Amino acid sequence: MTPDPPLVAVQEALRKCFLLVEEQQGLWRSALSDCQPLLASLANLAEQLQAAQNVRFEEVPPLRAFPDLEERLRRKQLAAGDTILDKLGEKLATLLKVRDAVSSQVEQVFEVYQQHADTLGIDAILQPSVVSPSLADMLEWLQDIERHYRRRYLKRKYLFSSIQWGDLANIQALPKAWDQISEDEHQDLVQDTLLNVSFFLEG
Amino acid sequence: MPGLSSSHPLSISVRAQTLGVVTPRKPVLSVSARKIKDNAADWHNLILKWDSLNDAGFATANAIANLKMSLLNKEKIELKSNSPTSDTNEEKPYPEYNKELEVLCEELHATLDGLTKIQTKMEKLTSTTKGVCDLENYHHGEESQRPHLFHTWPTAHFYAVSRRLSDSYGKELLLKRTIVEELAHSEDHDLALSYLSMWLHQPYVESTSPLLLEGMLLETGHRAL
């Protein structure tokens, strides 16, 4: 049987997309793991800020010789915190790039699919083969992945926006809250999907 | 550039170049320029050494604070468990003596000594820079415009930067001395953590210090403009 051009076109688009997802997943994971030490540092800094706030400097005799100490220390601590926040912002920007790259590629796949959907026929769309899941399944998985990145990004962005120096307890709880996001939602969705299409990708 | 006074328009340095006359003063000026340039390099090295000792000191101070806090916790537990009707005749260990703590404190003292030596050298750099300025004043008397040793900085500016840096490190040293004396005796967790934070963040080393140093290195040609 001669290869069916519309089918090949859709399969090629799917392959390209999954390969992109594989690459972007690497970037996503790497950015996330970079965030952990930064959040730990931030939480530590918040602990220091809290401790300094609890100390009554004027009641510590050895520190009376340094009248401007409290303010100077706080300024330095906040400056260190801002540096960390900048770095976290960069990581968040990477996550956004991943989200956008995946969204854009998935959109393209669906455009190709729409172009050929009528000529493909329902069997071709729904039929899996030995080496390939059905087109319908793969399209659905890509939608799931796209939604997955979108939601996870949003959750992390929301958490990041909640950071403010007025709420030190919140900052100290950040590392745990951040990890919770990873645990809550289908941590392995992308990995599992890529496994499912591994034969298809080699084709 | 932060720290530079605003009254150095380009016209002054142009005028300085047109002075051109080779006077007997020239050799003295170039010796001065060499001195200032060497001082800038010395500043850079001293600050690097200071930072390195600061990091090492922080690790030691951190260990002291952790040990102290765990000792305090142990004490609290022991106090709770000791009752008047207890049969055991345990002698309560002297609360503040602990061999490990003593060793760590000695380590921190040694680090403080190292930092003190560095700050003393900083003072020396400042005083030799002052010497160069005084020499220049002697040669130029009342002249307000004099040739710059390098690009745009009047010689007095090198002294101002030097003074500012050594003063700030001097203040920081006083604070560190206090921390070294107090840390192992702090009974309060928040205070101990604050001492650590003070050591780490160095409230008296101004955040402009790296810029001042960079300015000096750029001016003297240690860094490419």
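About the cut-offs
Residues numbered from 1 in each chain as written. Chains lettered and ligands numbered in written order. Predicted model: local features only at pLDDT ≥ 70, side-chain atom pairs only at ≥ 80, totals over all residues. Heavy atoms only, no water. pLDDT = per-residue confidence, 0-100. Contact = heavy atoms within 4.5 Å. Helix = DSSP H or I, 4+ residues; strand = E, 2+ residues; numbered from the N terminus. Patch = residues over 30% accessible without salt bridge, like charges linked within 9 Å, V, L, I, M, F, W, Y side chains within 5 Å. Areas by Shrake-Rupley, 256 points an atom, 1.4 Å probe, with all protein chains shown as cover. Salt bridge = Lys/Arg side-chain N within 4 Å of Asp/Glu carboxyl O. Buried < 20%, exposed > 50% of the residue type's maximum accessible area, 1.4 Å probe, protein only. Axes fitted to C-alpha atoms, helices over the stretch in contact; angles between N-to-C directions. Parallel < 35°, antiparallel > 145°, perpendicular 65-115°, else oblique. Buried area = accessible area lost by both parts, 1.4 Å probe. Polar contact = N/O pair within 3.5 Å; in protein donor to acceptor, adjacent residues only side chain to side chain. Nonpolar A, V, L, I, M, F, W, Y, C, P; charged D, E, K, R; others polar.

1. Re the confidence of the model for chain B
Residue and element names in this part refer to chain B.
Part 1 of the argument: Here chain B shows a mean pLDDT of 83. Residues at 70 or above account for 79%.
Part 2 of the argument: Contacts for the low-pLDDT stretch residues 1–16, under 50 throughout, to residues beyond four places or in other chains number 19 contacts.
Part 3 of the argument: Across residues 22–29, where pLDDT falls below 50, the model places seven contacts with residues more than four positions away in sequence or in other chains.
Part 4 of the argument: Interface confidence for the predicted complex, given as ipTM, is 0.81, next to a pTM of 0.81.

2. Concerning the environment of Leu-38 of chain A
All names here are of chain A.
Part 1 of the argument: As for its placement among the helices and strands, Leu-38 is situated in helix α1 (residues 5–54).
Part 2 of the argument: Measuring from C-alpha to C-alpha, the distance between Leu-38 and Pro-175 comes to 9.1 Å, with 137 residues separating the pair along the chain.
Part 3 of the argument: With residues near it in sequence (within four places) discarded, Leu-38 still touches Ile-84, Lys-87, Leu-88 and Lys-91.

3. A short note on a nonpolar patch on the surface
Part 1 of the argument: Together, Val-130, Val-131 and Phe-199 of chain A line one region of the surface with nonpolar side chains, adding up to about 370 Å² of accessible area.
Part 2 of the argument: Judged by relative accessible area, Val-130 of chain A falls into the exposed class, the value being 82%.

4. A look at the pattern of salt bridges
Residue and element names in this part refer to chain B.
Part 1 of the argument: Per the stated rule, a full pass over the model turns up 16 salt bridges over all chains.
Part 2 of the argument: Between Arg-163 and Asp-167 there is a salt bridge whose closest N-O contact spans 3.0 Å. Remark: Asp-167 and Arg-163 occur in helix α4 (residues 155–182); sequence separation between them is four residues, near one turn of the helix.

5. Thoughts on the packing of α1 of chain A against helix α6 (residues 174–184) of chain A
Residues and elements named next belong to chain A.
Part 1 of the argument: Interhelical geometry of α1 versus α6 gives an angle of 155° and a closest axis separation of 8 Å. In terms of their interaxial angle, α1 and α6 are classed as roughly antiparallel. On α6, the residues that touch Leu-32, Cys-35, Gln-36, Leu-39, Ala-40, Leu-42 and Ala-43 of α1 are Leu-174, Pro-175, Trp-178 and Asp-179.

6. Re the interface of chain B and chain A
Part 1 of the argument: On the chain A side, the residues contacting the 20 residues of chain B number 19 residues.
Part 2 of the argument: For the pair chain B and chain A, the summed buried area comes to about 1700 Å², and 68% of that belongs to carbon and sulfur atoms.
Part 3 of the argument: Considering only the surface of chain B that becomes buried against chain A, His-201, Pro-203 and Tyr-204 of chain B emerge as the three largest contributors, covering 33% of it.
Part 4 of the argument: For the pair chain B and chain A, the number of links is zero salt bridges.
Part 5 of the argument: Run the count over chain B and chain A and you get ten residue pairs in polar contact (both at pLDDT 80 or more).
Part 6 of the argument: Only α4 and α5 (189–201) of chain B provide two or more residues apiece to the side of chain B that touches chain A.
Part 7 of the argument: Residue contributions to the side of chain B that touches chain A peak at ten residues, all from α5 of chain B.
Part 8 of the argument: Split by residue class, the side of chain B that touches chain A holds ten nonpolar, seven polar and three charged.

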